[in-house]
Amino acid sequence: MNLVALPAFADNYIWLVHDGRKAVVVDPGDELPVLQALEQASLTLCGILVTHHHPDHTGGVMALRERFAGVPLWTPANERLPVPGAADAAVHPVRGGDSIRTLGLEIEVIDTPGHTAGHLAYFIQPVGQAPVLFCGDTLFSAGCGRLFEGSPAQMHASLSRLAALPDATRICCAHEYTLSNLRFAAAVEPASSDVAGHLRHCSGLREQGQPTLPAELARERRINPFLRCDQPAVQRAAVAHAGPGTDPNDPVAVFAALRAWKNEFR
Ligand code: ZN
Ligand code: FE
């Protein structure tokens, strides 16, 4: 199983999985980078996965399905997408607990509400390789998505669910937000050498035009403040910023304080 990040727009990644002949794409917000990558590697598209309804994740779906007629599309059952509906037999609404078979892989569907109400993540454990998670706009390296449709409690539960996956899981986020997220993480945990070291490493990657992704889950647990709401240093920082009304022993309150802080952080 080969994994490729296709840059799109200013800071999106469209993830492409292939076996040398056939490919599946995740969140094709734009069809052009996908068509180019398929042509360059002589691949046929055999599936499209969508994590949530936002246009930067769905904008290329129609054009790809015109080019590859009848290509299966898996989309969140609880969201309305700007793509063909249930009348199309190759459109498969899926929900948490479902599993998808394509490309010889089994893809596990995980409910991750918070960024949007019906947001899904897709998890693969390829034989002989580290697991792969496509998490859309739920989990970012050193950060998390904004709460457009969900509550802090929902997003915290979704992130906790993802954080419980195996250590070696390769986290395939839909945006290159790592550097700005790490600057925020450094404000939350100024004493963390893990955050400072990873910021240096990722700055080097970006200077060379390289993606900072996939992120490794074991490292995310050490650097991502949103996965660390149970850590005393993060709890203290959240209370210091949000005020004494925030209960440091309530992980959802700590998460909500961090999310609000990040929204205004420059
Ligand atoms: Zn989004
Ligand atoms: Fe997005």
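Refer to the preceding data block for the structure.
Residues numbered from 1 in each chain as written. Chains lettered and ligands numbered in written order. Predicted model: local features only at pLDDT ≥ 70, side-chain atom pairs only at ≥ 80, totals over all residues. Heavy atoms only, no water.

Some details on the coordination of the zinc ion (ligand 1)
Ideal coordination angles are 109.5 degrees for a metal with four donors arranged tetrahedrally and 90 or 180 degrees for a metal with six donors arranged octahedrally. Filter applied, for reference: Distances up to 2.8 Å from the metal define which N, O and S atoms are donors, and 3.2 Å serves for Na, K and Ca; water is absent from the atom set, so sites may look incomplete. All geometry calls rest on donor angles, where a four-donor set with angles between 85 and 135 degrees is tetrahedral, four- and six-donor sets with opposite donors more than 155 degrees apart and all others between 65 and 115 are square planar and octahedral, and all else is irregular. Secondary structure counts use DSSP, requiring at least four H or I residues in a row for a helix and at least two E residues in a row for a strand, with both numbered from the N terminus. Note on exposure labels: buried denotes an accessible area under 20% of the residue type's maximum, exposed denotes more than 50%, and partly exposed covers the range between, all computed with a 1.4 Å probe on protein chains only.
The zinc ion (ligand 1) binds to the protein through His 52 (NE2), His 54 (ND1), His 115 (NE2) and Asp 137 (OD); the donor distances cover 2.2 to 2.3 Å. Geometry at the zinc ion (ligand 1) is irregular, judged from the four donor atoms that bind it and their angles of 87 to 172° at the metal. Here the donor residues for the zinc ion (ligand 1) map to a single chain with the spacing H-x1-H-x60-H-x21-D. In this structure, the zinc ion (ligand 1) lies 3.2 Å from the iron ion (ligand 2), and both are coordinated by Asp 137. Of this pair, His 54 sits in the loop between strand 4 (44-49) and helix 2 (55-58) while Asp 137 sits in the loop between strand 10 (132-136) and strand 11 (139-140); the two residues are 83 residues apart in sequence, bridging distant segments of the chain. Of the two residues, His 54 and Asp 137, both sit in the buried class.

Here's the deal with the pairing of strand 2 (residues 12-18)
Our working definition: Strands are labelled as partners when DSSP assigns at least two bridges between them.
Along strand 2, seven of the seven residues are buried, which leaves the element largely enclosed by surrounding structure. Of the two faces of strand 2, the one carrying Asn 12, Ile 14, Leu 16 and His 18 and the one carrying Tyr 13, Trp 15 and Val 17 are both buried. Taken together, the seven bridges between strand 1 (residues 2-8) and strand 2 define a ladder with antiparallel strand orientation. Considered in strand 2, the bridge of Ala 8 is made with Asn 12. Counted between consecutive antiparallel strands, the loop separating strand 1 from strand 2 contains three residues, among which Phe 9 sits at a positive phi close to 50°. Here strand 2 pairs with strand 3 (residues 22-26) via four bridges, running antiparallel. Counted as the bridge partner of Trp 15 is Val 26 from strand 3. As consecutive antiparallel partners, strand 2 and strand 3 are separated by three residues, and within that stretch Gly 20 has a phi angle of approximately 100°, a positive value.

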